[in-house]
Amino acid sequence: GLLNGIVSYMITVDSWGNQTYPVNDWGYPCQMYFRETQGQDFPVLTSGYNYWYSIEAGTETRYTPYYTYRFYYNLVKCCNNLIGVVDPETAPTLSRQYLGCALAYRAMAYLDMARMFEYKRTGVASVDAKADELGCWGLTVPIVTEDQELEQIKQNKRAHFTDMYRFILTDLNRAQEYIDGFTRASKTLPDKSVVYGLKARLYLELGSRFENAPEDLQAMIESDASSDTYDKLGVQSARECYSLAREYARKAQIGYSPTTAEQWLNSETGFNTAVSSWMWDVEYTTTEQLTHVFCSFTGTSNNEAAWS
């Protein structure tokens, strides 16, 4: 039940809980949509009936981070609920595998948050000077785990990126161990290939970071040497990170095959059926789960059907 709760939360509509028509609050795909609309991947022909105008225009920017922050920490809470009740030393194999699933979900959540909320240099002198004044360079988000009491959480500070990325690696290392041999009933659950994919994503993130900021690599090396709180990253260069990203990406791809032209162009099953190329998915399995037809990824992105 706790594992199903994580899967269900990924498609939760109206997680904020105070919207009668939650057009901008429909689960994990909504977070992906937030990020893409601020890039260059979604062309907009007209803004009529466009409930995403403020996101695309970069106005009212305070509200989107509120929702994102809350959504991800609710997801972390769902993961912590399961992680906190499974002792890997005494649990049966299936429970250990469920623990691995929860750790993979939590690692994904923190990897997303670390990238979205760490302050990065803007090039705007006044803004960057304020960051110097506040001392917020390198800070991501607070790490909340299954064994923290409420008072600890209230006093929890934002983690430095060196701690955050080692924490994520620790979760993925544990997930890789515990999830071994797991046969998933559907692709809404991760398996070992997904853990490998997340590791590839982690090392690719760090490789590009260290290539552009050698001082961050040095900070990570010093963190490895001075702290045993989390697993050590154990890399000495950006090139090592890229090599590990390639290694884990190749491991992740085993057993999958690219989407075919026939699958891609199928007007009934394309993009809504987990084919051989899909590694991990978010899906509705019953009509009841889609409480607002328009408030969904399909309802927001589909430009072919009248009223979605």
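Note that the structure is predicted; figures quoted are calculated from it, not measured. Here the residue index of a chain counts from 1 through its sequence in written order. Per-residue local features are limited, in this predicted model, to residues with pLDDT of at least 70; the limit for side-chain atom pairs, both in listing and counting, is 80 or more; totals at the level of whole chains, interfaces and linings are taken over all residues. Just so you know, side-chain values use all the structure's heavy atoms and leave hydrogens and water out.

*Asks:* Would you explain the pattern of salt bridges in this entry?
*Replies:* Where charged atoms of side chains with opposite charge meet at close range, the side chains can pair. Salt bridge criterion: a side-chain nitrogen from Lys or Arg within 4 Å of a carboxyl oxygen from Asp or Glu. The tally for this structure, following the rule as stated, stands at 16 salt bridges. Across the salt bridge formed by arginine 115 and glutamate 205, the nearest N and O atoms sit 3.6 Å from each other. Taken as a pair, arginine 115 in helix α5 (residues 93-117) and glutamate 205 in helix α9 (residues 192-212) lie far apart in primary sequence, 90 residues in all. Three labels apply to residues, based on accessible area from a 1.4 Å probe with only protein chains included: buried if under 20% of the type maximum, exposed if over 50%, partly exposed otherwise in between. The exposure class of arginine 115 is partly exposed, given its relative accessible area of 29%. Of the residues examined, glutamate 205 reaches a relative accessible area of 18% and is grouped as buried. Aspartate 228 is the salt-bridge partner of lysine 232, the closest N and O atoms lying 3.0 Å from each other. Relative accessible area serves as the criterion here: at 40%, lysine 232 is assigned to the partly exposed category. Residue aspartate 228 is classed as exposed on the basis of its relative accessible area, which comes to 68%. Overlapping salt bridges, with partners in common, bring together Arg35, Asp112, Arg115 and Glu205 in one network. We count a stretch as a helix when DSSP gives it H or I for four or more residues in a row; a strand needs E for two or more, and each element gets its number in order from the N terminus.

*Asks:* Is there a simple way to think about unusual backbone geometry in this case?
*Replies:* Excluding glycine, most residues fall at negative phi; most peptide bonds, likewise, are trans. A positive phi angle, close to 65°, is found at aspartate 14, a residue other than glycine. Relative to the helices and strands, aspartate 14 resides in the loop between α1 (2-9) and α2 (28-37). By relative accessible area, which is 21% here, aspartate 14 ends up partly exposed.

*Asks:* So what exactly am I meant to see when it comes to the packing of aromatic side chains here?
*Replies:* For any pair of aromatic rings, the description consists of the separation of the ring centres together with the inter-plane angle of the planes. When the centres of two rings from Phe, Tyr and Trp lie within 6.5 Å, Trp using its six-membered ring, the rings pair. Their planes under 30 degrees apart give stacked, over 60 give edge-to-face, and anything left gives tilted. Following the criterion strictly, the structure yields 19 aromatic pairs and no others. Between tyrosine 203 and tyrosine 248, the ring centres sit 6.0 Å apart and the planes meet at 5°, which makes this aromatic pair stacked. Residue tyrosine 203 is found in helix α9, and its partner tyrosine 248 is found in helix α11 (residues 238-253); the two are separated by 45 residues along the sequence. Both residues of the pair, tyrosine 203 and tyrosine 248, count as buried. Their ring planes at 70° and their centres at 5.2 Å tell us that tryptophan 264 and phenylalanine 271 sit as a pair that is edge-to-face. Residues tryptophan 264 and phenylalanine 271 agree in their burial class; the two are exposed. Joined through ring pairs, the aromatic side chains of Tyr9, Tyr28, Phe34, Tyr67, Phe71 and Tyr72 make up one cluster. The rule is short: NZ of Lys or CZ of Arg within 6 Å of the ring centre and within 35 degrees of the ring normal puts a charge over the ring. Taking NZ or CZ as reference, arginine 70 lies 4.9 Å from the ring centre of tryptophan 16, over its face. If you follow arginine 209 out to its NZ or CZ, it ends over the ring of phenylalanine 161, 3.7 Å from the centre.

*Asks:* Explain the environment of phenylalanine 297 to me, please; I cannot follow it from the model alone.
*Replies:* Looking at the secondary structure, you find phenylalanine 297 in helix α13 (residues 297-301). The partly exposed category is assigned to phenylalanine 297, whose relative accessible area is 41%. Between the alpha carbons of phenylalanine 297 and glycine 27 there is a distance of 8.8 Å; along the sequence they are 270 residues apart. Should any heavy atoms of two residues lie within 4.5 Å, those residues are considered in contact. If sequence neighbours within four positions are ignored, phenylalanine 297 has contacts with Trp26, Pro29, Tyr33 and Asn302.

*Asks:* How should α1 be read in this particular structure?
*Replies:* Working note: α-helix, 3.6 residues per turn, so residues spaced by three or four point in the same direction. Of all the positions in α1, only Leu3, Ile6, Val7 and Tyr9 are classed as buried. The buried residues of α1 all sit within an arc of 165° when viewed along its axis, so they share a single face. Throughout, the arc means that of the directions going from the helix axis to the C-beta atoms.

*Asks:* Looking at this model, I keep getting lost on the packing of α5 against α9. Mind explaining?
*Replies:* Any two packed helices are characterised by the angle at which their axes cross and by the distance between the axes. Two elements in contact, α5 and α9, have axes whose closest approach is 10 Å; the angle formed by their N-to-C orientations is 20°. The angle between α5 and α9 places the two elements in the roughly parallel class. Like other packed secondary-structure pairs, α5 and α9 cross with a definite hand, here left-handed. Within the contact between the two elements, α5 uses Ala104, Met108, Leu111 and Arg115 and α9 uses Val195, Leu198, Arg201, Leu202 and Glu205. Side-chain classes follow a simple rule in which Ala, Val, Leu, Ile, Met, Phe, Trp, Tyr, Cys and Pro form the nonpolar group, Asp, Glu, Lys and Arg form the charged group, and the remainder, Gly included, forms the polar group. When its residues are assigned to classes, the contact of α5 with α9 shows 6 nonpolar, no polar and 3 charged. Angles here are taken between N-to-C directions and fall from 0 to 180 degrees, while the axes themselves are lines fitted to C-alpha atoms, restricted in helices to the stretch in contact. Angular relationships are summarised with four words: roughly parallel below 35 degrees, roughly antiparallel beyond 145, roughly perpendicular across 65 to 115, and oblique for the angles in between. Should the near helix be turned counterclockwise from the far one by less than a right angle, the crossing is left-handed, whereas a clockwise turn marks it as right-handed.

*Asks:* Got a minute to help me understand a nonpolar patch on the surface in this structure?
*Replies:* A cluster of nonpolar residues, Trp264, Leu265 and Phe271, forms a patch on the protein surface that exposes about 430 Å² of accessible area. Relative to the elements of secondary structure, phenylalanine 271 occurs in the loop between α12 (261-265) and α13. Patches here: salt-bridge-free residues with over 30% relative accessible area, like charges joined within 9 Å, nonpolar side chains (Val, Leu, Ile, Met, Phe, Trp, Tyr) joined within 5 Å. Only the protein chains shown count as covering a residue, and every accessible area follows the Shrake-Rupley method with a 1.4 Å probe.

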